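Residue-level structure breakdown
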Amino acid sequence: MVPEGSILWASSRGSEESADDNGRSLFTFYIVKGLEGGNCGTNNCSHCQSFRQEAKDTGAIYLNLLHEYVFNHVTRDLPLQRPSLNGQLEQRYWVAYTGDQ
């Protein structure tokens, strides 16, 4: 259970294992990619395109948007690892501004 007023963003669910590639967490890798603008390196990636459009439209990256980006990429690469976001998610938690607004 997540304490009131808190959010828990985990790289996997309790019954899953978080994978890494030579010591690099895929979960962390995609968080950084999202914060750098949402380019995973795959041509015409629909997840990247929708992420960039939403970030541009709002002028910022908010937690649920970043989580969706990370979740889509991690589960694409490792279907048995599913990042989770739990807690008080009723509002938008701003993570970064894009400078587009």
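These figures come from a predicted structure and were not determined experimentally. (Residues numbered from 1 in each chain as written. Predicted model: local features only at pLDDT ≥ 70, side-chain atom pairs only at ≥ 80, totals over all residues. Heavy atoms only, no water.)

What to know about the overall build of the protein
Summing up its helical and strand segments, the protein has three helices and six strands in all. Counting from the amino terminus, the protein carries its helices and strands in the arrangement β-β-β-α-α-β-α-β-β. Since a compact globule built from 101 residues should have a radius of gyration of about 13 Å, the 14 Å found for the protein is in line with a globular shape. For the C-alpha atoms alone, the extent of the protein along its principal axes is close to 40 × 40 × 20 Å. Counting the 101 residues in the protein, one finds 32% classified as buried. (Helix = DSSP H or I, 4+ residues; strand = E, 2+ residues; numbered from the N terminus. Rg over C-alpha atoms; globule rule 2.2 N^0.38 Å. Buried < 20%, exposed > 50% of the residue type's maximum accessible area, 1.4 Å probe, protein only.)

A closer look at the packing of aromatic side chains
This model, assessed by the stated rule, comprises four aromatic pairs. Here F29 and Y30 contribute two aromatic rings whose centre-to-centre distance is 5.0 Å and whose plane-to-plane angle is 75 degrees, an arrangement assigned as edge-to-face. You can call F29 partly exposed: its relative accessible area is 24%. Plain terms: the ring middles of Y62 and W94 are 5.7 Å apart, the flat faces sit at 85 degrees to each other, and that makes the pair edge-to-face. Highlighted residues: Y62 in strand β4 (residues 60-62) and W94 in strand β6 (residues 94-97), separated in sequence by 32 residues. (Phe/Tyr/Trp six-rings, centres within 6.5 Å; stacked < 30°, edge-to-face > 60°.)

Overview of the nonpolar core
In a soluble, globular protein the nonpolar side chains are often hidden away together inside. Ranked by size, the top nonpolar core spans 16 residues in total, and within it Y30, C40, F51, L66, Y69 and V70 carry the most contacts. Put simply, the parts of the chain that give this core at least two residues each are α1 (26-35), α2 (46-58), β4 and α3 (63-77). With five residues, α3 is the largest single contributor of residues to this core. Those residues within four positions of V70 in sequence are excluded, and the remaining contacts are W9, F27, Y30, I31 and P83. (Core = buried A, V, L, I, M, F, W, Y, C linked by side-chain atoms within 4.5 Å. Contact = heavy atoms within 4.5 Å.)

A few points about the pattern of salt bridges
In this structure the tally under the stated criterion is three salt bridges. Residue R76 is joined to D77 by a salt bridge in which the shortest nitrogen-to-oxygen separation is 3.0 Å. (Salt bridge = Lys/Arg side-chain N within 4 Å of Asp/Glu carboxyl O.)

Observations regarding the packing of α1 against α3
Where α1 contacts α3, the two axes come as close as 9 Å, and the packing angle between them is 135 degrees. For the element pair α1 / α3, the angle class is oblique. For the pair α1 and α3, the sense of crossing is right-handed. Two secondary-structure elements touch here, α1 through L26, F27, Y30, I31, K33, G34 and L35 and α3 through L66, Y69, V70, H73, V74, R76 and D77. Class assignment for the residues of the contact of α1 with α3 results in nine nonpolar, two polar and three charged. (Axes fitted to C-alpha atoms, helices over the stretch in contact; angles between N-to-C directions. Parallel < 35°, antiparallel > 145°, perpendicular 65-115°, else oblique. Left-handed = near helix turned anticlockwise from the far one by under 90°. Nonpolar A, V, L, I, M, F, W, Y, C, P; charged D, E, K, R; others polar.)

All we've got here are geometric facts, nothing functional implied.
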